[in-house]
Amino acid sequence: MSELLEKHHGIGTVILLDEYDVPLENAWQAGFYQEMIRAYGLESKAGEVREWYAGYLFGNDEIYNPWSVTKYVHEHRSMPDAFPEPYWSNTSSNSVVRELALRASGKGRGELETLIQGGTIEKRVHEDITYEDVYQSDDNLWNFLFFTGYMKKVSERQYGGDIYVTMRISNREVRSIYRNQISSWFDKVVERADRKELYAAILKRDAGKIGKILTGLLRQSISTFDSDESFYHGFLISLLTGMEDYVARFNRESGDGRPDIILYPENPTDPAYLFECKVRKKFNEMQGGLEEAFAQIRTKRYEEGILEDGYAGVVSYGVCFCKKSCIVGVHL
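Notes on the structure follow. Every value quoted in this text rests on a predicted model; they were computed, and no experiment measured them.

## With respect to the overall build of the chain
Scanning the chain from terminus to terminus reveals 14 helices and 10 strands. By residue count, 42% of the 332 residues in the chain fall in the buried class. Residue pairs in contact within the chain that sit at least 24 positions apart in sequence constitute 59% of those at least 6 positions apart. With an accessible surface of roughly 19300 Å², the chain has 49% of that area assigned to carbon and sulfur atoms. The averaged location of the 51 negative side-chain charges in the chain is 5 Å from the averaged location of its 40 positive side-chain charges.

This is the structure we're talking about:
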């Protein structure tokens, strides 16, 4: 490599080798090794550091991400109770993970769901992948992610001359990279969605149609967000923002509380549209979620508050989400 660099640039090349263990080696030789390894007073954080930044394998040895550990120690010396962060994601383009999220088919999304929820997948390993080959298939992408540290080997087996590796996401830091890329990908799905049909259904007060449209969009998502109420709330707000002749407001005081979302008409003689959202973990509980939404609308006097502001009328929608499904009810 040094010969080729000299040939290309026309000058000699100097190669520097990092030696992370030199400070510890010097401390051992000078007799203050114990003081050196205890200098930061963060021994109680060992489990957290392992969960977030370990999990990379060199042969059979598990190692840590030295950059992330160094950043963690630097920041936690002055703020011991600070939350850990995905430092690696701030220094890498993560383009392969992004490409995987963008390209994912139904099977690929299922594999991503399994991994983010802590599960494993099995892939045939082939080490001869070049950058030209990476995007030729999903299997090539998975192999590249495995060899670049985004996946960790759990076990392996040989079948018919091929080696198959069971793998999982390396640690919490890497899992956050997957989550962030998938979230960004789903944001783009929502941005590209044709909202005219949704807006028309809202104006026609067609609750069944609204639920069908929202369900269709949710089925393009990843299950990692299924139990996160804030995800569904943000999902609906992003879809409703931009409806012509209406302004979306969320968690704004009305009556005796704060409705989730209200679409206020620019023309006060038109009705306002109110949305109260609930989330359930089981499909057979969704109807109960709608009933809870409408009970909250009544007891908190949301509609009365809107009318007291001078608007001509209110149409209230109850919305209940469960995983990738949504049902909607309407109160005229």
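## Digging into the packing of helix α10 (residues 196-204) against helix α11 (residues 207-218)
It is the contact of α10 with α11, at a shortest axis distance of 8 Å, that shows an interaxial angle of 155°. Judged on the interaxial angle alone, α11 and α10 are roughly antiparallel. For the pair α10 and α11, the sense of crossing is left-handed. Two secondary-structure elements touch here, α10 through Glu 197, Leu 198, Ala 201 and Ile 202 and α11 through Lys 209, Ile 210, Ile 213 and Leu 214. Residue composition of the contact of α10 with α11, by class: six nonpolar, no polar and two charged.

## Examining the packing of aromatic side chains
The full count for this structure, using the stated rule, is 13 aromatic pairs. Here the aromatic rings of Tyr 53 and Tyr 72 are separated by 5.8 Å at their centres, their planes lie at 65°, and the arrangement is edge-to-face. Taken together, the residues Tyr 53 in helix α4 (residues 46-53) and Tyr 72 in helix α5 (residues 66-78) connect sequence positions 19 residues apart. Per residue, the accessibility class of Tyr 53 equals that of Tyr 72, and both read buried.

## Some thoughts on the pairing of strand β10 (residues 325-331)
Sheet faces and side chains relate simply in a regular strand, where the side chains alternate between the two faces. In this sheet, β10 lies alongside strand β9 (residues 314-322) in antiparallel orientation, the contact comprising seven bridges. Among the inter-strand pairings, Gly 318 is bridged to a residue of β10, identified as Gly 329. Adjacent in sequence and paired antiparallel, β9 and β10 are bridged by two residues, among which Lys 323 carries a positive phi angle near 55°.

## Concerning the sheet that holds strand β7 (residues 261-265)
With respect to topology, five strands assemble into an open sheet ordered β6-β7-β8-β9-β10, the strand pairing being mixed. Taken across any chain shown, the strands that pair with only one partner, and hence form the sheet edges, are β6 (246-250) and β10. Shown here is a sheet whose adjacent strand axes are inclined to one another by a mean of 20°, direction ignored. As paired elements, β7 and strand β8 (residues 272-279) share three bridges and run antiparallel to each other. The residue bridging Ile 262 from the neighbouring strand is Leu 274, located in β8. Taken strand by strand, α10 contacts β6, β8 and β9, and its axis lies near 105° from that of β8. Strands in contact with helix α13 (residues 286-299) are β8, β9 and β10; relative to β9, the strand with the most contacts, it is inclined by about 145°.

## Considerations on the side chain of Thr 215
Residue position: Thr 215 is located in helix α11. With relative accessibility at 10%, the residue Thr 215 sits in the buried group. A polar contact is formed between the side chain of Thr 215 and the backbone oxygen of Gly 211, at a distance of 2.9 Å. Filtering out sequence-adjacent residues up to four positions away, Thr 215 remains in contact with Lys 324, Ser 325 and Cys 326.

Reading the values: rules and limits
Residues numbered from 1 in each chain as written. Predicted model: local features only at pLDDT ≥ 70, side-chain atom pairs only at ≥ 80, totals over all residues. Heavy atoms only, no water. Helix = DSSP H or I, 4+ residues; strand = E, 2+ residues; numbered from the N terminus. Buried < 20%, exposed > 50% of the residue type's maximum accessible area, 1.4 Å probe, protein only. Contact = heavy atoms within 4.5 Å. Areas by Shrake-Rupley, 256 points an atom, 1.4 Å probe, with all protein chains shown as cover. Lys, Arg positive; Asp, Glu negative; His and termini not counted. Charge placed at Lys NZ, Arg CZ, Asp CG, Glu CD. Axes fitted to C-alpha atoms, helices over the stretch in contact; angles between N-to-C directions. Parallel < 35°, antiparallel > 145°, perpendicular 65-115°, else oblique. Left-handed = near helix turned anticlockwise from the far one by under 90°. Nonpolar A, V, L, I, M, F, W, Y, C, P; charged D, E, K, R; others polar. Phe/Tyr/Trp six-rings, centres within 6.5 Å; stacked < 30°, edge-to-face > 60°. Pairing = 2+ DSSP bridges. Polar contact = N/O pair within 3.5 Å; in protein donor to acceptor, adjacent residues only side chain to side chain.

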